[in-house]
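Structure at a glance
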Amino acid sequence: MKRRAFIGTSAVASVGMLAGKTGNAMKPITQKPLELKKNINHSACYWCYNSIPLETFLQDLKGLGVKAIDLVGPEDWPLLKKHDIHASMCWGAGMGIEKGWNDPQYHKELIADYLQIIPKVAEAGYTNLICFSGNRNGMDDGVGLKNCVAGLKKIMPSAEKHGVVIQMELLNSKVDHKDYMCDHTEWGAELCKQLGSENFKLLYDIYHMQIMEGDIIRNIQDYHQYIGHYHTGGNPGRHEIDETQELYYPAIMKAILKTGYKGHVAQEFVPSWEDKIAALKQGVTICDV
């Protein structure tokens, strides 16, 4: 899936692109890397910073001591290799957020796309590959669940063979992604149960789930076995994760660690500060428990 097509499906991403035009953090930071505690594996979603050229941003990440980046595709992987930055969540297949696995009319194309990209993800040395449920468009959630199971079962043998984890993102259908089906943790967990594969997990976006259901820490505790990745974001507004919003991220990070989670936590807030990298540094520091 092309980055342009992916971002085009997301109203929030469009906001991020507009916000990015006001930033001035175009040069790599020169300060010493953060003294991270190494309990949390930090990452950052590039679309939130895409007014900064990717190579510059990778240098910024290294300057912060962050060793991973989210939501990059095969065209970007050579540059990541050059700078020794890991792709903690890949894309490269699919039809965007609105057209997903819940609709059988898209299965043929989705299956072909994912079977083509899964070996490439593995060959590049990466593990996680994003996917989406798609919108309801009047479809019952139970029917959509069955359709997702039927379609995804066609690609799971390849994912298992290559050691790739397919991760469906939980998104809110109230503010940013109207009508999106995988908008509650319980529904996503049931999909995981029915697929019955350790190579299928949920990408738990804390911002999105705060909007849809709240009770973040309890849900992480109850469903952690089905969660393979985390995204951050401040609510309301999806900006910095500091005292300007309602979530208390240090407690959330501690709860994640208590589940035994060893994966990455990627910052996915849209910086409101003029210095985007300073905002990212603050977010990483807050989550570094």
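Conventions and cut-offs
- Residues numbered from 1 in each chain as written.
- Predicted model: local features only at pLDDT ≥ 70, side-chain atom pairs only at ≥ 80, totals over all residues.
- Heavy atoms only, no water.
- Helix = DSSP H or I, 4+ residues; strand = E, 2+ residues; numbered from the N terminus.
- Core = buried A, V, L, I, M, F, W, Y, C linked by side-chain atoms within 4.5 Å.
- Buried < 20%, exposed > 50% of the residue type's maximum accessible area, 1.4 Å probe, protein only.
- pLDDT = per-residue confidence, 0-100.
- Contact = heavy atoms within 4.5 Å.
- Axes fitted to C-alpha atoms, helices over the stretch in contact; angles between N-to-C directions.
- Parallel < 35°, antiparallel > 145°, perpendicular 65-115°, else oblique.
- Left-handed = near helix turned anticlockwise from the far one by under 90°.
- Nonpolar A, V, L, I, M, F, W, Y, C, P; charged D, E, K, R; others polar.
- Salt bridge = Lys/Arg side-chain N within 4 Å of Asp/Glu carboxyl O.
- Lys, Arg positive; Asp, Glu negative; His and termini not counted.
- Phe/Tyr/Trp six-rings, centres within 6.5 Å; stacked < 30°, edge-to-face > 60°.

**As for unusual backbone geometry**
The step from Asn235 to Pro236 runs through a cis peptide bond, and the omega angle for that step is 0°. Within the secondary structure layout, Pro236 lies in the loop between β7 (227–231) and α11 (249–258). Positive phi is not limited to glycine here, since Lys38 has a value of about 70°. In this structure, Asp215 takes a positive phi of about 50° despite not being glycine. Mapped onto the secondary structure, Asp215 falls in the loop between α9 (206–212) and α10 (216–223).

**With respect to the nonpolar core**
Within the largest apolar cluster, 92 residues are counted, with the highest numbers of intra-cluster contacts made by Tyr114, Ile166 and Met168. Per-element accounting of this core gives the leading share, six residues, to helix α5 (residues 107–123).

**Brief notes about the confidence of the model for the protein chain**
Of all residues in the protein chain, 89% have pLDDT values of 70 or greater, and the mean over the chain is 91. Taken element by element, the protein chain is modelled with least confidence in helix α2 (residues 11–20), mean pLDDT 35, and with most confidence in strand β6 (residues 200–205), mean pLDDT 99. The low-confidence segment residues 1–30 (pLDDT under 50) makes 64 contacts with residues lying over four places distant or belonging to another chain.

**As for the packing of helix α3 (residues 54–64) against helix α12 (residues 276–287)**
The packing of two helices is summarised by the inter-axis angle and the distance between the axes. Between α3 and α12, the shortest axis-to-axis distance is 11 Å and the interhelical angle comes to 40°. Between α3 and α12, the angle falls in the class oblique. The crossing of α3 and α12 is right-handed. On the side of α3, the interface is formed by Phe57, Asp60, Leu61 and Leu64, while α12 contributes Ile277, Leu280 and Lys281. Its residues assigned to classes, the contact of α3 with α12 shows five nonpolar, no polar and two charged.

**Examining the pattern of salt bridges**
Taken as a whole, this structure holds seven salt bridges when the rule is applied. Across the pair Glu198 and Lys201 runs a salt bridge, and its minimum N-O distance is 3.1 Å. Residue Glu198 is classed as exposed on the basis of its relative accessible area, which comes to 61%. Its salt-bridge partner being Asp215, residue Arg218 comes within 2.8 Å of it at the nearest N-O pair.

**Section: the side chain of Asp288**
Along the polypeptide, Asp288 turns up in the segment after α12. One buried charged residue, Asp288, forms no salt bridge at all, with the nearest opposite charge on Lys37 at 5.5 Å. Dropping the residues within four chain positions of it, Asp288 is found in contact with Glu35, Leu36, Lys37, Lys38 and His42.

**Observations concerning α11**
For an α-helix, 3.6 residues make a turn, and residues three or four places apart therefore share a direction. Every buried residue of α11 is listed here: Tyr249, Pro250, Ile252, Met253, Ala255 and Ile256. Tucked into the core, α11 has its buried residues touching α9, α10, β7, β8 (264–267) and α12. Directly after α11, the chain includes Gly260, whose backbone phi takes a positive value near 90°.

**Quick word on the packing of aromatic side chains**
If you walk through the whole model with that rule in mind, you get six aromatic pairs. An angle of 40° between the planes, with centres 5.5 Å apart, marks the rings of Tyr46 and Phe57 as tilted. Residue Tyr46 is found in the loop between β1 (41–44) and α3, and its partner Phe57 is found in helix α3; the two are separated by 11 residues along the sequence. The buried category is assigned to Tyr46, whose relative accessible area is 5%. Exposure remark for Phe57: the relative accessible area of 0% places this residue in the buried category.

**Some words on the side chain of Thr232**
Positionally, Thr232 belongs in the loop between β7 and α11. Thr232 gets classed as buried once you look at its relative accessible area, which sits at 0%.

**As for the environment of His162**
Note that His162 resides in helix α7 (residues 156–162). Sequence-wise, His162 and Asn199 are 37 residues apart; in three dimensions their C-alpha atoms are separated by 9.8 Å.

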